[in-house]
Amino acid sequence: MSSVLALPGADRYARRRPWGHFVGLVVIALLVLASFTAADWDFTALIDPEERARALGRMGEWLAAFGSPDFSREFLARSWGLTLETLSAAVLGTALAVVFGFALAMASSRAVAVGEEHATGWRRSFMLRSPSALLCSAARLVQDVLRAVPDFVWAIILVALIGLGPLTGALALALNITGILAKVYSELWDSVDEQRYEQVRASGAGRIKVFFYGIQPLAARAVQSFTLMRAECAIRNAAVIGAVGGGGLGAEIWYQIRFGAWDKVSTLILFTLALTLTADLASNYIRRQLRSDPNHPRAVKAHSVFADLSRAWIGSGFAVLIVVLLMIIALTILIDRISRWLQLSRVSR
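So, here's what we can say about the structure.

Each value, and the rule that gives it
Residues numbered from 1 in each chain as written. Predicted model: local features only at pLDDT ≥ 70, side-chain atom pairs only at ≥ 80, totals over all residues. Heavy atoms only, no water. Helix = DSSP H or I, 4+ residues; strand = E, 2+ residues; numbered from the N terminus. Polar contact = N/O pair within 3.5 Å; in protein donor to acceptor, adjacent residues only side chain to side chain. Contact = heavy atoms within 4.5 Å. Patch = residues over 30% accessible without salt bridge, like charges linked within 9 Å, V, L, I, M, F, W, Y side chains within 5 Å. Areas by Shrake-Rupley, 256 points an atom, 1.4 Å probe, with all protein chains shown as cover. Salt bridge = Lys/Arg side-chain N within 4 Å of Asp/Glu carboxyl O. Buried < 20%, exposed > 50% of the residue type's maximum accessible area, 1.4 Å probe, protein only. Core = buried A, V, L, I, M, F, W, Y, C linked by side-chain atoms within 4.5 Å. Axes fitted to C-alpha atoms, helices over the stretch in contact; angles between N-to-C directions. Parallel < 35°, antiparallel > 145°, perpendicular 65-115°, else oblique. Left-handed = near helix turned anticlockwise from the far one by under 90°. Nonpolar A, V, L, I, M, F, W, Y, C, P; charged D, E, K, R; others polar.

In this section: the side chain of Ser109. In this structure, Ser109 sits in the loop between α6 (73-108) and α7 (110-114). Of the polar contacts made by the side chain of Ser109, one reaches the side chain of Asp190; its length is 2.7 Å. If we ignore the near neighbours within four places in the chain, the residues touching Ser109 are Val114, Cys136, Ser186, Trp189 and Asp190.

Here it is in structure tokens:
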């Protein structure tokens, strides 16, 4: 014990008292208390015996439905089509978000749009110091608005504009994810150490060239990893958005719940779980392939050149294949919706 206290700076930790932990616990307790007092909580289903019995009965019916889901050929075909519809909406929304989020992040990143890496004090925070700084602040405001509105709220707004369907879900996801990706991309680019791309800037390159040859390559892995994570979340959220007009599995689940068809609901939930699990496994595989670095000290060296090259490109190839297939599915669904709308418009005339 004496040897530990003899270490340099050990007395500073010995004198420290855990008052910060007590303050944190008090703050958490106050927040929990405030949450109970701010809302009108109804515990009738837990306290009243009759309500509790009815709730347990409904829960038993729902759990029993998982023992006998609807595996008829017609409903399985419909569930598979709804799964593809949900997946295509998520992929299309994520693809649009990556494109627009990347452009919005370039405008909202101080290192890219403003380029005042050495500015300090008020010059770094005053938005009217230059036109580029004003553009950066406006872009940050746009991305804050996009990510502040939840995706299901965007879906409700878009339903009033373009109607029900997977296109509504895709656009709702795209709007929300665009703000999230723009925020994270810009923060990742701004967090890159300026000294690491100082040579690119010193060679006389402009801000765009500094970004593409200096900043973006240094933050590429973090950008790819976060994009994959948001793609996983988009697939999960696509099923939720369907309940408010985004089509796909969510819309059908809500429709069957209203009629109490729990056997069909259980089948749809199983398809939803299979979709999210497959997306998670595929994302982990792609992330693992992108993360493999043959120059890492702990990397396995007993591989042929073909094996090293295949490990480097198989993840990207798999991702491109999935995106191309799902974009084809999404375009097919969109063309089908447009043709139906044109037919209805002709009939109405």
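So, on to a nonpolar patch on the surface. The grouping of Leu56, Met59, Trp62 and Leu63 at the surface amounts to a nonpolar patch, some 400 Å² of accessible area in total. Among the residues examined, Met59 registers a relative accessible area of 47% and is labelled partly exposed.

With 44 residues, the main nonpolar core has Trp189 and Ile215 as its most contacted residues. Counting residues per element, this core draws most heavily on α6, which supplies 10 residues. Residues within four places of Trp189 in sequence aside, it is in contact with Phe102, Ala105, Met106, Ser109, Ala111, Val112, Phe211, Ile215, Gln216, Ala219 and Val223.

On to the packing of helix α11 (residues 166-190) against helix α14 (residues 220-241). Packing of α11 against α14 leaves a shortest axis separation of 10 Å and a crossing angle of 155°. Here α11 lies roughly antiparallel to α14, going by the angle between them. Between α11 and α14 the crossing geometry is right-handed. Every residue of α14 that contacts α11 at Gly169, Ala172, Leu173, Asn176, Ile177, Ile180, Leu181, Val184, Tyr185, Leu188 and Trp189 is listed here: Ala222, Val223, Phe226, Thr227, Arg230, Ala234, Asn237, Ala238 and Ile241. Of the residues in the contact of α11 with α14, the class split is 15 nonpolar, 4 polar and 1 charged.

Within the element layout of this structure, Ser88 appears in helix α6. The class for Ser88 is buried, based on a relative accessible area of 3%. For Ser88 and Gly169, which are 81 residues apart along the polypeptide, the C-alpha to C-alpha distance reads 10.0 Å.

Listed in full, the buried residues belonging to helix α15 (residues 248-258) are Gly248, Leu249, Gly250, Glu252, Ile253 and Gln256. Directly after α15, the chain includes Gly260, whose backbone phi takes a positive value near 70°.

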